[in-house]
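Structural characterization, general
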Amino acid sequence: MTEPAPPTDAPASVAYDLVIVGGGPGGYTGAIRAAQLGLRTAIVDKRGALGGTCLNVGCIPSKALLHASELYEEAGHGLGKFGIKVAGVTLDLAAMQAQKAKVVTELTRGVEYLMKKNKITYLAGTARFVDAHNVAVTLNAGGGETLATRNVMIATGSEVTALPGIAIDEKIVVSSTGALDLAAVPKTMIVIGGGVIGLELGSVWRRLGAEVTVIEFLDRITPGLDGEVSKQFLRILAKQGIKFLLGHKVTTCVSDGKKARLTVEPVAGGDALDLAADVVLVAVGRRPYTDGLDLAAAGVEAGPRGFIPVDAHYRTNVPTIFAVGDVIGGLMLAHKAEEEGVAVAEIMAGQAGHVNYDAIPGVVYTMPEVANVGRSEEELKAAGIAYKVGKFPFTANARAKANLTTEGFVKVLADAATDRILGAHIIGSDAGNMIAELVTAIEFGAAAEDVGRICHAHPTEMEAVREAALATDGRVRQM
Ligand code: NAI
């Protein structure tokens, strides 16, 4: 089944068919697929642990803290409504952090094991191009090695975008990395940026007892999300106690070693506010990361903002060098990078690797969660596509009623002419899992009617997906 790697101008004697720089979800998933397809593969990462930002300082530790902080809040304030009385709930933050660290260590070791199992050479060290077919690695353990290879996959990811004039010390003024590792619950926390990181980590520290204020430049939070979902999301988070200053920008932020003092101005003009906080989280986006890789030595050109441009097959301007994940732009999501890593491995092995960008889900892991796939109403309007909307609220779903998780709704957007599902948006306690059905539907080119005809178990929250699909045709049945 395995086809040979496509011919390159590399000498026949090269040790590797593929060297991957970056051991995050794009890199390690691509490495496994490449090895499965018979390519001699090496992966280089300087962190000393595989899994990239996602596993070490991103998705996984944040989800561990989101889950733990949610249990803490439930135990402290949420169980009474079910007739369960709990007294004396206390927080052992050190133990919570230790649990998070244990999960991360186990998972990074798991990825290392997968490399061994698939006979992938893993080098813990810093990679630098010598030329298009040679990658020099300075090993963390000392010494170095140069890997001769037919192809290279750049999967170096992204780093936190800093704000001009605001120094991140990871103690008082923190990025997401520092915000995952606070040793004490701050009394007050200011989050700069009402995007995914700000709202997830803001939720964690609010639940653990911090007074959280989010300062957002735009007049809305989560700019990429469907507007209606975003509005309801804002209302729910505000009801939970997070304060929002929308349409504001931070002009100065100075730490005196104990507190940070900020000047905040309305974007539209007006009086500045002076604020102070024990911790400030800067979460205004991420930017591509290729420091020290010496792209120029290989002849690879980066775009103006540092993203590496690629063609439809993820080839850079140097045809034997591919790039995937955050470093090429688009959605900065672990699973998007994974899809691209696999596609590149398959393309190199002569197969038809491909990513369907219409079927990449996004999830914000707050409570309730917010999940989406495909187009928003705003995108459909801008593209001039006529669509139908089907909506179903969790207040009308029996299982959500029983669970007391009635916040939110499911919204399905279908083509007005063909009924094909173009987008889906869920705000609800289990939205991140629920969206999978609609991702599957979009992947298979399903119509809203198809989802409406599928038998869903009763009573489940998934019935709300079916009802929303039926609602595109005015056929809501439940409650
Ligand atoms: P983001 O792009 O999601 O949000 C940044 C927010 O900051 C935007 O709302 C933007 O308008 C605002 N902003 C920008 N400059 C500002 C300023 N000077 N003052 C105030 N507000 C400002 O970026 P975020 O939250 O940092 O996340 C980075 C990336 O990581 C995103 O692409 C995100 O998709 C990804 N990520 C995904 C997660 C998930 O899927 N659950 C979890 C965490 C991160």
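Residues numbered from 1 in each chain as written. Predicted model: local features only at pLDDT ≥ 70, side-chain atom pairs only at ≥ 80, totals over all residues. Heavy atoms only, no water.

On to the overall build of the chain, then. Within the chain one finds 14 helices and 21 strands. Taking all 479 residues of the chain together, 51% fall into the buried category. Counting contacts in the chain only where the partners sit at least 6 residues apart, residues at least 24 apart contribute 62% of the total. Per element, the accessible surface of the chain, about 21300 Å² overall, is 55% carbon and sulfur. The distance from the centre of the 45 positive side-chain charges to the centre of the 53 negative ones in the chain is 4 Å. (Helix = DSSP H or I, 4+ residues; strand = E, 2+ residues; numbered from the N terminus. Buried < 20%, exposed > 50% of the residue type's maximum accessible area, 1.4 Å probe, protein only. Contact = heavy atoms within 4.5 Å. Areas by Shrake-Rupley, 256 points an atom, 1.4 Å probe, with all protein chains shown as cover. Lys, Arg positive; Asp, Glu negative; His and termini not counted. Charge placed at Lys NZ, Arg CZ, Asp CG, Glu CD.)

In the vicinity of the ligand lie 21 residues, with Ile197, Glu200, Glu216, Gly285 and Val363 positioned nearest. Taking Val363, its main chain carries an N or O atom lying 2.7 Å from a nitrogen atom of the ligand. Compared with its free state, where it exposes 840 Å², the ligand has 78% of that area covered by protein. Secondary-structure elements contributing two or more residues to the shell around the ligand are helix H6 (196-207) and strand S9 (211-216). Split into classes, the residues belonging to the shell around the ligand amount to 14 nonpolar, four polar and three charged. (Near = heavy atom within 4 Å. Polar contact = N/O pair within 3.5 Å; in protein donor to acceptor, adjacent residues only side chain to side chain. Nonpolar A, V, L, I, M, F, W, Y, C, P; charged D, E, K, R; others polar.)

Now for the sheet that holds strand S12 (residues 260-266). Reading across from one edge, S11-S12-S13 is the order of the three strands in this open sheet, with antiparallel pairing throughout. The sheet is open, and its two borders are formed by strand S11 (248-255) and strand S13 (273-277), each paired with just one other strand. Direction aside, the axes of adjacent strands within the sheet are offset by 25° on average. When S11 meets S12, the two strands line up antiparallel, connected through seven bridges. (Pairing = 2+ DSSP bridges. Axes fitted to C-alpha atoms, helices over the stretch in contact; angles between N-to-C directions.)

Let us now look at the domain arrangement of the chain. Along its sequence, the chain is carved into domain 1 (16-54 + 99-159 + 287-355), domain 2 (173-284) and domain 3 (362-471). Taken over C-alpha atoms, the centre of domain 1 sits 33 Å from the centre of domain 2. (Domains from an automatic or database assignment.)

Attention shifts here to the nonpolar core. One finds Met115, Phe129, Leu147, Ile154, Tyr314 and Ile321 to be the most contacted residues of the largest nonpolar core, which totals 50 residues. Other than its neighbours up to four places away in sequence, Phe129 contacts Asn134, Val135, Val152, Ile154, Leu293, Asp294, Leu295, Ala297, Ala298 and Ile321. Core analysis: the second largest hydrophobic core is formed by 33 residues, Leu93, Leu208, Leu225 and Ile242 among them. (Core = buried A, V, L, I, M, F, W, Y, C linked by side-chain atoms within 4.5 Å.)

Residue Pro368 is reached from Met367 by a cis peptide bond, and omega for that bond is -5°. Inspection of the secondary structure puts Pro368 in the loop between strand S17 (362-364) and strand S18 (369-374). Residues His458 and Pro459 are joined by a peptide bond in cis, for which omega reads 0°. One can find Pro459 in the loop between helix H13 (448-453) and helix H14 (463-471). One non-glycine residue, Lys119, lies in the positive phi region at around 60°.

The description of an aromatic ring pair uses the distance of the two centres, along with the angle that the planes make with each other. Under the definition given, this model contains zero aromatic pairs. The residue whose ring lies beneath Lys391 is Phe409, and the NZ or CZ to ring-centre distance is 5.2 Å. (Phe/Tyr/Trp six-rings, centres within 6.5 Å; stacked < 30°, edge-to-face > 60°. Lys NZ or Arg CZ within 6 Å of the ring centre and 35° of its normal.)

With that out of the way, let us pick up the sheet that holds S17. The strand order S17-S18-S21-S20-S19 describes an open sheet built from five strands, whose pairing is antiparallel. One side of each edge strand has no neighbouring strand; the edge strands of this open sheet are S17 and strand S19 (387-393). Going across the sheet, the axis of each strand differs from the next one's by a mean of 10°, ignoring polarity. Relative to strand S20 (residues 409-415), S19 is paired through seven bridges, and the arrangement is antiparallel. Across the sheet, residue Phe392 finds its bridge partner in S20, namely Val410. Along the sheet, helix H7 (residues 227-239) contacts S17, S18, S19, S20 and strand S21 (421-428); its crossing angle with S21, the most-contacted strand, is approximately 5°.

Take the packing of helix H3 (residues 59-78) against helix H4 (residues 93-117) next. When two helices pack together, their arrangement is captured by the angle between the axes and the distance separating the axes. The contact between H3 and H4 brings their axes to 9 Å, and the two run at 145°. Considering only the axes of H3 and H4, their crossing is right-handed. Contacts from Ile60, Pro61, Ala64, Leu65, Ala68, Ser69 and Tyr72 in H3 reach Met96, Gln97, Lys100, Val103, Val104 and Leu107 in H4. Per-class residue counts for the contact of H3 with H4 are ten nonpolar, two polar and one charged. (Left-handed = near helix turned anticlockwise from the far one by under 90°.)

Another point: the pairing of strand S8 (residues 188-192). In terms of burial, S8 is largely enclosed, as five of its five residues are buried. Residues Thr188, Ile190 and Ile192 point to one face of S8 and Met189 and Val191 to the other, with burial holding for every one of them. Examined bridge by bridge, S8 and S9 share five bridges and lie parallel to one another. Bridge pairing in S9 places Thr188 opposite Glu211.

Attention now moves to H3. By the burial criterion, the buried members of H3 are Pro61, Ser62, Leu65, Leu66, Ser69 and Gly78. The arc that holds every buried residue of H3, seen down its axis, measures 165°, which confines them to one face. (Arc of directions from axis to C-beta.)

In this model H7 runs 19 Å from its N-terminal to its C-terminal C-alpha over 13 residues, within 8% of the 18 Å that 1.5 Å per residue would give. Of the residues making up H7, those classed as buried are Gly227, Val229, Ser230, Gln232, Phe233, Ile236 and Leu237. For H7, the N-terminal capping position is held by Asp226, with its side-chain oxygen 3.2 Å away from the main-chain nitrogen of Glu228. Of the residues trailing H7, Gly241 is marked for its positive phi of about 115°. (Expected span 1.5 Å × (residues − 1).)

Under the definition given, this model contains 20 salt bridges. The closest approach of N and O atoms between Glu449 and Arg453, which form a salt bridge, is 2.7 Å. A residue pair is termed a helical-turn pair when its members lie 3 or 4 positions apart in one helix, as Glu449 and Arg453 do in helix H13 at four residues. A residue is classified by how much of its surface remains accessible, and Glu449, at 40% relative accessible area, is partly exposed. For Arg453, a relative accessible area of 61% puts it in the exposed group. One network of salt bridges, in which partners are shared, links Asp226, Glu228, Glu377, Lys381, Lys391 and Lys411. (Salt bridge = Lys/Arg side-chain N within 4 Å of Asp/Glu carboxyl O.)

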